[in-house]
Amino acid sequence: MKLEPLFTVKENKMFCIKDNSEFDLNALHKIEIKWSQVELEPESYNEEFLAGLRDQLKVLDEKNEFAVLIPVVDKPLENAEQNEFFINAFNHTARRVKDCVSVAGFELPVQLASADDFIDVLSVKHAQYIYFTKDKTIQNKSIVIY
């Protein structure tokens, strides 16, 4: 199931595609997700946790509310292999919530070696997502700096 984008980014601001109105970022639910909750050991995912996350997001769907998923780096993220495990864990997370319209996108952790790698991997199957960051040096057409 591929969802159509509901939002677009212009000049680091988020807009609703249906009426081109600016979306109030304060209205986004911020849901922190610890890497260790998603990936119990390398490439072994906590499906029970992810099912609970999906249930939480489905409640937001019913209310027509939106969330940004915030990956929390709570394990070492110091080399290419760990970076790949991290990205794969959150790509798996995206797959488990792929039918949740309420997911506006993901926040990009500052610890990532490359924000572009994270975006490229998730965008293959989840092109509807917007990415959020506080890092003003990142330039990408689908990023909101907030």
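Just above, that's the structure.
A brief structural summary. (Residues numbered from 1 in each chain as written. Predicted model: local features only at pLDDT ≥ 70, side-chain atom pairs only at ≥ 80, totals over all residues. Heavy atoms only, no water.)

Per the secondary structure count, the chain includes 4 helices and 9 strands. Going from N to C terminus, the chain has its helices and strands arranged as β-β-β-α-β-β-α-β-α-β-α-β-β. The C-alpha radius of gyration computed for the chain amounts to 15 Å, which stays within 12% of the reference 15 Å derived for 146 residues, consistent with globular compactness. For the chain, the C-alpha atoms occupy an extent of roughly 45 × 35 × 25 Å along the three principal directions. In the chain, of all internal contacts separated by at least 6 residues, the share reaching a separation of at least 24 is 69%. Looking at the chain as shown, the accessible area adds up to about 8,100 Å², and 48% of this sits on carbon and sulfur atoms. Taking the average place of the 17 positive charges on the side chains of the chain and the average place of its 25 negative ones, the gap between the two points comes to 5 Å. (Helix = DSSP H or I, 4+ residues; strand = E, 2+ residues; numbered from the N terminus. Rg over C-alpha atoms; globule rule 2.2 N^0.38 Å. Contact = heavy atoms within 4.5 Å. Areas by Shrake-Rupley, 256 points an atom, 1.4 Å probe, with all protein chains shown as cover. Lys, Arg positive; Asp, Glu negative; His and termini not counted. Charge placed at Lys NZ, Arg CZ, Asp CG, Glu CD.)

This brings us to the packing of helix α2 (residues 47–63) against helix α3 (residues 80–96). Contact geometry for α2 and α3: axes closest at 9 Å, N-to-C directions at 50°. Comparing the axis directions of α2 and α3 gives the class oblique. Of the two elements, α2 crosses α3, and the hand of that crossing is right-handed. Here E47, L50, L53 and R54 of α2 lie close against α3, whose contacting residues are H92, T93 and R96. For the contact of α2 with α3, the per-class residue count stands at 2 nonpolar, 2 polar and 3 charged. (Axes fitted to C-alpha atoms, helices over the stretch in contact; angles between N-to-C directions. Parallel < 35°, antiparallel > 145°, perpendicular 65-115°, else oblique. Left-handed = near helix turned anticlockwise from the far one by under 90°. Nonpolar A, V, L, I, M, F, W, Y, C, P; charged D, E, K, R; others polar.)

This brings us to the sheet that holds strand β7 (residues 103–107). The parallel open sheet is built from 5 strands, whose spatial order is β3-β6-β7-β8-β9. With partners counted over all chains shown, the strands left at the sheet margins are β3 (29–34) and β9 (143–145), one partner each. Strand-to-strand twist across the sheet, computed as the mean angle between neighbouring axes with direction ignored, equals 30°. Direction of pairing for strand β6 (residues 67–72) relative to β7: parallel, over a ladder of 3 bridges. Note on β7: the bridge partner recorded for A67 is V103. Packing against the sheet, helix α4 (residues 115–123) makes contact with β6, β7, β8 (130–133) and β9, and its axis sits at approximately 160° to β8. (Pairing = 2+ DSSP bridges.)

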